[in-house]
Amino acid sequence: MTYYQSFSSRSPWWVRLLAVMVSMVLLVGLFFFAIFVVVAVAILGASGLLLLWWQRRKMRKGMHTDIVVTDYREIHHPRPPFDNIRR
């Protein structure tokens, strides 16, 4: 009867310890990177929303100040302005 021999049963103890340590470092690094990405996306999203809010606020405040309502009159020349051109 033959038994399946796994990697852990054929390798010395220090190789197994090294493999476990490297895998734990990679796992911790993956979690740190994931947390860093979540924080970075949250900061970018918040700054984007702040920029949109600021632009909308600026547009609302400037909406009433840009419109000028006044009386006007049309000026009609007695003849077209380019009739007296000398050639």
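Refer to the preceding data block for the structure.
Every residue gets a number counted from 1 within its own chain, in the order that chain's sequence is written. In keeping with the model being predicted, local features are shown solely for residues with a pLDDT of at least 70 and side-chain atom pairs are shown and tallied solely at 80 or more, while totals for entire chains, interfaces and linings include all residues. The basis for the side-chain values is all heavy atoms of the structure; hydrogens and waters are excluded.

As a further point, take the overall build of the protein. Put simply, DSSP H or I for four residues or longer makes a helix, DSSP E for two residues or longer makes a strand, and each gets a number counted from the N terminus. For the protein, the count of helices and strands is 2 helices and 0 strands. Each residue gets one of three labels from its accessible area relative to the maximum for its type: buried under 20%, exposed over 50%, partly exposed in between, using a 1.4 Å probe on protein chains only. Here the protein, with 87 residues, has 2% of them falling under the buried criterion. Methods summary: accessible areas were calculated by the Shrake-Rupley approach with a probe of 1.4 Å, and residue burial reflects only the protein chains presented. As displayed, the protein has an accessible area near 9400 Å², and 70% of this comes from carbon and sulfur atoms.

Turning our eyes to something else, we now look at the packing of aromatic side chains. We describe a pair of aromatic rings using the distance from one ring centre to the other and the angle between the two ring planes. By convention, a stacked pair of Phe, Tyr or Trp rings (six-membered ring in the case of Trp) has centres within 6.5 Å and planes under 30 degrees apart, an edge-to-face pair has planes over 60 apart, and any other such pair is tilted. Counted under the stated rule, the structure contains 1 aromatic pair. Here Trp53 and Trp54 contribute two aromatic rings whose centre-to-centre distance is 6.0 Å and whose plane-to-plane angle is 55°, an arrangement assigned as tilted. Note on Trp53: relative accessible area 45%, which makes it partly exposed.

With that out of the way, let us pick up a nonpolar patch on the surface. Patches draw on residues past 30% relative accessible area with no salt bridge. Two like charges within 9 Å are joined, as are two nonpolar side chains (Val, Leu, Ile, Met, Phe, Trp, Tyr) within 5 Å. Whenever Lys or Arg places a side-chain nitrogen within 4 Å of a carboxyl oxygen from Asp or Glu, that contact is recorded as a salt bridge. Together, Trp13, Trp14, Leu17, Leu18, Met21, Val22 and Leu26 make up a nonpolar patch on the protein surface, roughly 790 Å² of accessible area in all. Secondary-structure assignment places Leu18 in helix 2 (residues 13–63).

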